[in-house]
Amino acid sequence: MMQERFGRVVVLYGGSSAEREVSLNSGAAVLAALHRRGVDAVGYDPAEGGLAGLEALTPDRVFIALHGRGGEDGTLQGALELLGIPYTGSGVLASALAMDKQRTKLVWQALGLPTPAALMLEANSDWDAIAAELGLPLIVKPVHEGSTLGISIVDTAAALETAYREAARYDARVMAERFVSGEEYTVSLLGERVLPAIRVEVPSGFYDYEAKYLSNDTLYHLPCGLDAEQEDQLGALCRQAFEAVGGAGWGRVDVMRDAEGRFWLIEINTTPGMTDHSLVPQAAAHAGIDFDELVVQILSTSLECQPA
């Protein structure tokens, strides 16, 4: 029945972005789950043979487990649409927009959604003026990178230039954003469903690459500790933020809550991680959806998200 429903599925993973290693882990987990559920699935790393190699596998649909540029930024989605191959997750516009943290922020601001103020940085920026306008501390980040790569928290204007140079190693476009001190939450979306929110607690205070993928000290609070009304408000805000960029299928929205209890939208992931440390599988499990069923439900969105 699975083969009749989905046909041949190619899981795309690896790629050439800075998030390659995470993608390889995500893709391997997804592929194993599909095999356990009886789906005719094969894995493929586009870094090895490009689109020609993908076409040679004659997929009926694609499960995208690529993270970062070249897989999550709309370029792959556009290519798959030209080839007429259905795929999981958001389309071209939403993928490209969500990958661009600054332009996502502009959309949210235009709609009156809460997100921290930010400014674009350049090598010759007036660091004192940036600090004065946004206030300290600040978080400096590459605009088009994920997995917290290249991100720094700075407490002084003098530290801004060094943080800029670190972020610029990953991207030509770098932004400084007002740092929201408080609790960090993440909300996963699966089809029309908002999954339970997770509160992330990191002993170091910064949810960086090591805390996300390597450390066993990071705490994931499920339930998240909010009362039912607050969690409903958070879920509704994240749904609105996701739909604002045209998100579809599945995704994850990251949020900070300040000392006054206000929620601030930080970023959207249109192809979240699917590793053993990843947040979407944890939220799904808390909602009674095991990993294999989660993968099948995500794959099912490829039946309905793309235009006929």
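What counts and what doesn't
Residues numbered from 1 in each chain as written. Predicted model: local features only at pLDDT ≥ 70, side-chain atom pairs only at ≥ 80, totals over all residues. Heavy atoms only, no water. UniProt positions renumbered as here; feature names shortened; annotations may be inferred. Helix = DSSP H or I, 4+ residues; strand = E, 2+ residues; numbered from the N terminus. Rg over C-alpha atoms; globule rule 2.2 N^0.38 Å. Contact = heavy atoms within 4.5 Å. Areas by Shrake-Rupley, 256 points an atom, 1.4 Å probe, with all protein chains shown as cover. Lys, Arg positive; Asp, Glu negative; His and termini not counted. Charge placed at Lys NZ, Arg CZ, Asp CG, Glu CD. Phe/Tyr/Trp six-rings, centres within 6.5 Å; stacked < 30°, edge-to-face > 60°. Buried < 20%, exposed > 50% of the residue type's maximum accessible area, 1.4 Å probe, protein only. Lys NZ or Arg CZ within 6 Å of the ring centre and 35° of its normal. Axes fitted to C-alpha atoms, helices over the stretch in contact; angles between N-to-C directions. Parallel < 35°, antiparallel > 145°, perpendicular 65-115°, else oblique. Nonpolar A, V, L, I, M, F, W, Y, C, P; charged D, E, K, R; others polar. Core = buried A, V, L, I, M, F, W, Y, C linked by side-chain atoms within 4.5 Å. Pairing = 2+ DSSP bridges.

The name given to the protein chain in an unreviewed UniProt entry is D-alanine--D-alanine ligase, and the organism recorded there is Candidatus Halomonas stercoripullorum. According to the UniProt record, the Function (unreviewed entry) comment for the protein chain is "Cell wall formation." What UniProt states about the protein chain under its Pathway (unreviewed entry) heading is, verbatim, "Cell wall biogenesis; peptidoglycan biosynthesis."

### Remarks on the overall build of the protein chain
Helix and strand counts for the protein chain come out as 12 helices and 13 strands. For a compact globule of 308 residues, the expected C-alpha radius of gyration is about 19 Å, and the protein chain comes in at 19 Å, within 12% of that figure. Along the longest, intermediate and shortest principal axes, the C-alpha atoms of the protein chain span 60 × 45 × 35 Å. A sequence separation of at least 24 residues applies to 68% of the contacts in the protein chain between residues at least 6 apart. Entry remark: accessible area of the protein chain is about 13,100 Å², with carbon and sulfur atoms responsible for 50%. A gap of 2 Å separates the mean positions of the 22 positive and 43 negative side-chain charges of the protein chain.

### As for the packing of aromatic side chains
Evaluated as defined, the whole model comprises two aromatic pairs. Where tryptophan 127 meets tyrosine 164, the ring centres are 5.8 Å apart and the plane angle is 45 degrees; that geometry is what we call tilted. Of this pair, tryptophan 127 sits in helix H7 (residues 127-134) while tyrosine 164 sits in helix H8 (residues 160-168), and the two are 37 residues apart along the sequence. Per residue, the accessibility class of tryptophan 127 equals that of tyrosine 164, and both read buried. Seen in terms of ring centroids, tyrosine 185 and phenylalanine 263 are 6.1 Å apart; in terms of plane orientation they differ by 85 degrees. Their pairing is edge-to-face. Of this pair, tyrosine 185 sits in strand E8 (residues 183-190) while phenylalanine 263 sits in strand E13 (residues 263-269), placing them 78 residues apart in sequence. By relative accessible area, which is 11% here, phenylalanine 263 ends up buried. Over the aromatic face of tryptophan 264 sits the side chain of arginine 178, whose NZ or CZ is 4.7 Å from the ring centroid.

### As for the packing of helix H5 (residues 92-99) against helix H6 (residues 101-110)
At their nearest, the axes of H5 and H6 sit 5 Å apart, and the two run at 105 degrees to each other. As the angle between them shows, H5 and H6 are arranged roughly perpendicular. Touching Leu97, Ala98 and Met99 of H5 are Lys101, Arg103, Thr104 and Val107, all from H6. Classifying every residue of the contact of H5 with H6 gives four nonpolar, one polar and two charged.

### Quick look at the nonpolar core
Membership of the largest hydrophobic core comes to 31 residues, with the highest contact counts inside it found for Val9, Leu34, Val39, Phe63 and Leu294. Of all the elements in the fold, those that place two or more residues in this core are helix H1 (2-6), strand E1 (9-12), helix H2 (20-36), strand E10 (198-201), helix H11 (279-286) and helix H12 (291-300). Per-element accounting of this core gives the leading share, five residues, to H12. Sequence-distant contacts of valine 9, defined by excluding residues within four places in its chain, comprise Leu34, Val39, Asp40, Ala41, Val42, Arg61, Phe63 and Leu299.

### Re the sheet that holds strand E2 (residues 41-44)
Taking strand neighbours across the sheet as the criterion, the three strands line up as E2-E1-E3 in an open arrangement whose pairing is parallel. What marks the edges here is a single partner per strand, and that holds for E2 and strand E3 (61-64). With direction set aside, neighbouring strand axes in the sheet form an average angle of 30 degrees. As paired strands, E1 and E3 are joined by four bridges and run parallel to one another. Bridge pairing in E3 places valine 11 opposite phenylalanine 63.

### Things to note about unusual backbone geometry
With glycine set apart, most residues show a phi of negative sign, and most peptide bonds adopt trans. For the bond running from leucine 136 to proline 137, omega is 0 degrees, close enough to zero to count as cis. Along the chain, proline 137 falls in the loop between H7 and strand E5 (138-142). Look at the link from leucine 222 to proline 223: it is a cis peptide, with omega at 0 degrees. As for its position among the elements, proline 223 is in the loop between strand E11 (219-221) and helix H10 (228-244). Unlike most non-glycine residues, threonine 58 shows phi in positive territory, near 45 degrees. Following the sequence through the fold, threonine 58 ends up in the loop between helix H3 (46-56) and E3. Its relative accessible area of 55% is what places threonine 58 among the exposed residues.

### Considerations on the sheet that holds strand E6 (residues 152-154)
Strands sit in the order E4-E7-E5-E6 across an open sheet of four strands; the sheet is antiparallel. The strands lining the two open edges of the sheet, one partner per strand, are strand E4 (118-121) and E6. The average angle at which neighbouring strand axes cross in this sheet is 25 degrees, direction not considered. Pairing geometry for E5 and E6, over three bridges, is antiparallel. What sits directly across from leucine 138, in E6, is valine 154. Where H6 meets the sheet, it contacts E4, E5 and strand E7 (174-178), and its direction lies at approximately 45 degrees from that of E7. This element, H8, spans E4, E5, E6 and E7 of the sheet and lies at about 25 degrees to E5.

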